[in-house]
Amino acid sequence: MREVAKYGKANVLRVILMNLGVSTQSYTIQVFMASYLITVIGTDPKFIPPVLLIGSLCGGVAAVSFGILSDKIGRRRVVSLITGALILFPAPAFLLLTTGSPVAIVLVIVVGFVLACQGVVGVHMSYFPEIFGSRYRYAGVTLGREFSSIIGGGIAPMICAALLGMFSNSWIPVAIYMSATMLISFIATRMSPETLNRDLTDPEDAAHGKSGIIAVTSEAQHVQ
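None of these values were measured; they are calculated from a predicted model. (Residues numbered from 1 in each chain as written. Predicted model: local features only at pLDDT ≥ 70, side-chain atom pairs only at ≥ 80, totals over all residues. Heavy atoms only, no water.)

A. Region of interest: the overall build of the protein. Along the protein, the regular secondary structure elements total 12 helices and 0 strands. Taking 17 Å as the expected radius of gyration for a compact globule of 224 residues, we find that the protein reaches 19 Å, a close match to that expectation. Along the first, second and third principal axes, the C-alpha atoms of the protein reach 60 × 30 × 25 Å. For the protein, with 224 residues in total, the buried portion stands at 47%. (Helix = DSSP H or I, 4+ residues; strand = E, 2+ residues; numbered from the N terminus. Rg over C-alpha atoms; globule rule 2.2 N^0.38 Å. Buried < 20%, exposed > 50% of the residue type's maximum accessible area, 1.4 Å probe, protein only.)

Structure below.
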């Protein structure tokens, strides 16, 4: 904790912002959308668990696939592509959900799991530790992710339900809320350094978590 307080405060904030929108959309898809389908759309409650299971299985494959892709083309690039897509995802997602079509519902849930719930996490789990020096990365990642989960995902279903009640079951404010939080994560990601191939075995890099990132970023820019 002392190492984080001395060297990692900016990186903890970076992780919080990078994960805020992802956590918000993940919890919204897994919790709120299921409730929305049952209470507003009138979907059979027995239909929801199998759909969530299908989404989870597809999301698991996506997590591995996006993680492998980030090993090839870079963490920031892959996360930027996913979060950029998720800024646009909520509005068409709710338009499809309101049709009540089983195919449309499955499509929305699967895409949500593939991108927000698990896909981007497959990259974050490499990206976030590489942002920190190895001497305090566990504490740094934990603080960043858990605080973002509280202020993002932890209250997201309640905020979405409140917005739904305030605006006569209109999904538009919910979609705006989802897109706005994801925009924060997209901007935070674009302002963060690339960390692919960072050498955490270097003592100076491991302790301070700064010089190594700058070196890797400079090298990547030089190659490009």
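Moving on from the model shown.
B. The environment of Ala-180, seen in detail. Within the fold, Ala-180 resides in helix α10 (residues 172–190). On the basis of relative accessible area, Ala-180 is assigned to the partly exposed category, the value being 39%. Taking the C-alpha atoms as reference points, Ala-180 and Ile-87, 93 residues apart in sequence, are found 7.4 Å from one another.

C. Main features of the pattern of salt bridges. Considering all chains together, one arrives at 2 salt bridges under this definition. Linking Arg-75 and Glu-130 is a salt bridge whose minimum nitrogen-to-oxygen distance equals 2.9 Å. Here Arg-75, found in helix α4 (residues 75–88), pairs with Glu-130, found in helix α7 (residues 119–131); they are 55 residues apart in sequence, far enough to count as distant. Sharing partners across several salt bridges, the network here consists of Asp-71, Arg-75 and Glu-130. (Salt bridge = Lys/Arg side-chain N within 4 Å of Asp/Glu carboxyl O.)

D. Local environment of the side chain of His-124. Along the chain, His-124 turns up in helix α7. Those residues within four positions of His-124 in sequence are excluded, and the remaining contacts are Met-18, Asn-19, Val-22, Val-79 and Pro-129. (Contact = heavy atoms within 4.5 Å.)

E. How the structure looks around the packing of α4 against α7. As a packed pair, α4 and α7 sit with axes 10 Å apart at the nearest point and diverge in direction by 145 degrees. Relative to α7, the crossing made by α4 is left-handed. Contacts from Arg-75, Arg-76, Val-78, Val-79 and Ile-82 of α4 reach α7 at Gly-119, Val-120, Val-123, His-124, Ser-126, Tyr-127 and Glu-130. Considered class by class, the residues forming the contact of α4 with α7 number 6 nonpolar, 3 polar and 3 charged. (Axes fitted to C-alpha atoms, helices over the stretch in contact; angles between N-to-C directions. Left-handed = near helix turned anticlockwise from the far one by under 90°. Nonpolar A, V, L, I, M, F, W, Y, C, P; charged D, E, K, R; others polar.)

F. A look at helix α3 (residues 48–73). Across its 26 residues, α3 extends 36 Å between first and last C-alpha, which sits within 8% of the 38 Å expected from 1.5 Å per residue. All buried positions along α3 are accounted for by Ile-48, Val-51, Gly-55, Gly-59, Ala-62, Ala-63, Gly-67 and Ser-70. Residues of α3 that are buried make contact with α2 (9–41), α4, α6 (102–117) and α7. Gly-74, located one to two residues past α3, shows a positive phi value of around 115 degrees. (Expected span 1.5 Å × (residues − 1).)

G. Local environment of the environment of Ala-162. For Ala-162, the position within the fold is in helix α9 (residues 156–166). Remark: the alpha-carbon pair of Ala-162 and Leu-183, spanning 21 residues in sequence, is separated by 21 Å.

H. Layout of the nonpolar core. Ile-29, Met-33, Phe-94 and Leu-97 are the most contacted members of the largest nonpolar core, which has 49 residues in total. Elements with a minimum of two residues in this core: α2, α3, α4, α5 (90–97), α6, α7, α9 and α10. With sequence-adjacent residues up to four places away left out, Ile-29 is seen in contact with Ala-34, Phe-89, Ile-109, Gly-112, Phe-113, Ala-116 and Cys-117. (Core = buried A, V, L, I, M, F, W, Y, C linked by side-chain atoms within 4.5 Å.)

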